[in-house]
Structures are given as structure tokens and as C-alpha cells.
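Analysis of the macromolecular model
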Amino acid sequence: MLTLTRSVGETIRIGDDIEVHVVEVRGGTVRLGFKAPREVPIHREEVYRQIAEANLLAAQVTADSLGALAAFVPVPAPAESGSDAAADAKGTAEQPSS
Amino acid sequence: MTAVLPASVVVLGLVDPLPGFPKHRDYVLVGADNDGLVFWLQSMAPDGPRFLAVPPARYFPDYAPVLPGTVCAELDLEDPADAQLYCLLTVPNGDVSAATANLRAPVVVNPVAARARQVVLADGTHPIRRPLRR
């Protein structure tokens, strides 16, 4: 692993279009700012690990669960909910959180 | 009804594997009930994983995730409204009353292009384990 020493206000550049700025260092905590193309997802490592763990747990499901799940599914939808799945997707751009 | 499936089963290609399952990209999404309320997301590989998935709008009407703008391009979605969302269920120890849905990382599907990906939302207020039970 490459290790670099940087001070507050300094920047690391990765490739042509990714910048990592050292915004603040206080105690054992460092605040970083990122400039990257929108197609580059930026997440805290813990988030990905949590999603992976959740997926691994989710994959332990058995067909036995299915019948019992019926008690928790919503009642059949009224007519106007026909586009509900589509209505979820706003498709609005968002900035990755730091 | 939501999530109308074609008569023949379509193989969904994940543009990125699900976190935790890096070797699997090809899945099928098949209805697990007759009402389009529960689905199996099943890997094509014989030893691959399978998941129960639900269309979140039917369970969580207040759920309105903001998808990253890049997802449309990745999935060849011309209109974000064409996307279908599925949230993976976890049934801890087979206890259905404790079942939860992952709202933080919905699987976003373009049914036309048969492409999908699990999108980790930047908005941390969407829970990874939201109880299905209301």
C-alpha cells in the first residue's frame, strides 16, 4: 500500500480526475473532501461491509419462510398504485456523502 | 400491479456483483407468490445465492430513495421512472416475524435491458434492516 503524508489543505490526486483533500485533522480524526466524477461511488468502507453482511444474511433464506411471509405482505393494492415501483425511482442526481 | 414479469424468465445481468457475492453476476427474478409482492432473486449458478426480494413501495409507501444520476446510464435507463426497485429480505433464523428489508441498498432493475445493480444509497437515513412487520 502506498503511504503518503499530507497536511491540512493539501491534496492527493488519483488519476486525472479524482482529488482527495485533507480538510481538517483533529485528534485521531481526519476530514477528507473528494472531487470525483459522478460515476465514481464514494462510500465509507463500513457501509459496503454492512451491505455485504446484510446480503450474506439475506442469502440464508429458505423456501420455508415464504408461506409465513404471506402474513406480512400488504393487502392487494388499490388501482392507483400501478406505477409504484417506477415512482420510487426519482433518478435525481445526488452528491456522494463525504 | 407492480413488477409485471415477462412470460419467459429473463436473465438479469448485474453491472456490478452484489457485495458479498463477487463471483455472481447473472440472476433471474421470478415471482414467489401470485400477487407480485414477493420475488426470488436467484443466481444462475448452481451453487449461487438466492434471495427473497420485495417491491418496496407496496410495503413502505414513504420510501422515496434518490438514485444516483449515474445509475440510469449504467442500466441503460432512458427514463428513471422505468426502473423497478427490489429490496432484499433477511429472515433471521427463519423467524419471519423478524424479517427485515434492506432499504439502504435496493436492487435497481431495468427490465427492458435486463440489467440491474444493487445501489448503495448515499442517504444513510434509509435503514439496512427495516422490519417488514408493521
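For the structure itself, look to the data block above.
Attention in this report is confined to the structure presented alongside it. This is a predicted model, so every value here is computed, not measured.

All names here are of chain A. Strand order in the open sheet formed by three strands is E1-E2-E3, and the pairing between neighbours is antiparallel. Two strands in the sheet have a free side with no partner beyond their single neighbour: strand E1 (11–14) and strand E3 (29–35). Neighbour to neighbour, the strand axes of the sheet diverge by 25 degrees on average, direction disregarded. Looking at chain direction, E1 and strand E2 (residues 18–26) are connected through four bridges and run antiparallel. In the sheet register, Ile 12 faces E2, and the bridge partner there is Val 20.

Moving on, we come to the nonpolar core. Residues Leu69(A), Val38(B), Leu52(B), Tyr59(B), Val108(B) and Leu132(B) are the most contacted members of the largest nonpolar core, which totals 33 residues. Residues Ala58(A), Leu14(B), Phe51(B) and Ala53(B) belong to the second largest nonpolar core, which totals 17 residues.

Before going further, it helps to examine the environment of Asp16(A). Residue and element names in this part refer to chain A. Within the secondary structure, Asp 16 is located in the loop between E1 and E2. Of the residues examined, Asp 16 reaches a relative accessible area of 72% and is grouped as exposed. Sequence separation between Asp 16 and Asn 55 is 39 residues, and the spatial gap between their C-alpha atoms is 34 Å.

The next point concerns the pattern of salt bridges. Side chains carrying opposite charge are able to pair once their charged atoms draw close together. A complete count under the given rule lists nine salt bridges over all chains for this structure. Arg49(A) is the salt-bridge partner of Glu45(A), the closest N and O atoms lying 4.0 Å from each other. You can see Glu45(A) and its partner Arg49(A) sitting in helix H1 (residues 45–58), four residues apart, about one turn around the helix. Asp16(B) is the partner of Arg117(B) in a salt bridge, and the nearest nitrogen-oxygen pair spans 3.1 Å. Pair noted here: Arg117(B) is in strand E8 (residues 115–118) and Asp16(B) is in the loop between strand E1 (11–14) and strand E2 (26–31), with a separation of 101 residues, a long-range link. Accessibility expressed as a relative area gives 9% for Arg117(B), which makes it buried. Among the charged side chains, a network of salt bridges with common partners joins Glu24(A), Arg26(A) and Arg31(A).

Turning our attention to the packing of aromatic side chains. Within a pair of aromatic rings, the relevant descriptors are the distance that separates the centres and the angle that separates the planes. All names here are of chain B. Inspection of the entire model under this criterion finds four aromatic pairs over all chains. Where Phe 21 meets Phe 51, the ring centres are 5.5 Å apart and the plane angle is 85 degrees; that geometry is what we call edge-to-face. Highlighted residues: Phe 21 in the loop between E1 and E2 and Phe 51 in strand E4 (residues 50–54), separated in sequence by 30 residues. The exposure class assigned to Phe 51 is buried, which follows from its relative accessible area of 0%. Seen in terms of ring centroids, Tyr 27 and Phe 51 are 6.5 Å apart; in terms of plane orientation they differ by 40 degrees. Their pairing is tilted. With a gap of 24 residues between them, Tyr 27 in strand E2 and Phe 51 in strand E4 connect regions that are remote in the sequence. Each member of the pair, Tyr 27 as well as Phe 51, is classed as buried. Among the aromatic residues, those joined into a ring-pair cluster are Phe 21, Tyr 27 and Phe 51.

Rules behind the numbers
- Residues numbered from 1 in each chain as written.
- Chains lettered and ligands numbered in written order.
- Predicted model: local features only at pLDDT ≥ 70, side-chain atom pairs only at ≥ 80, totals over all residues.
- Heavy atoms only, no water.
- Pairing = 2+ DSSP bridges.
- Helix = DSSP H or I, 4+ residues; strand = E, 2+ residues; numbered from the N terminus.
- Axes fitted to C-alpha atoms, helices over the stretch in contact; angles between N-to-C directions.
- Core = buried A, V, L, I, M, F, W, Y, C linked by side-chain atoms within 4.5 Å.
- Buried < 20%, exposed > 50% of the residue type's maximum accessible area, 1.4 Å probe, protein only.
- Salt bridge = Lys/Arg side-chain N within 4 Å of Asp/Glu carboxyl O.
- Phe/Tyr/Trp six-rings, centres within 6.5 Å; stacked < 30°, edge-to-face > 60°.

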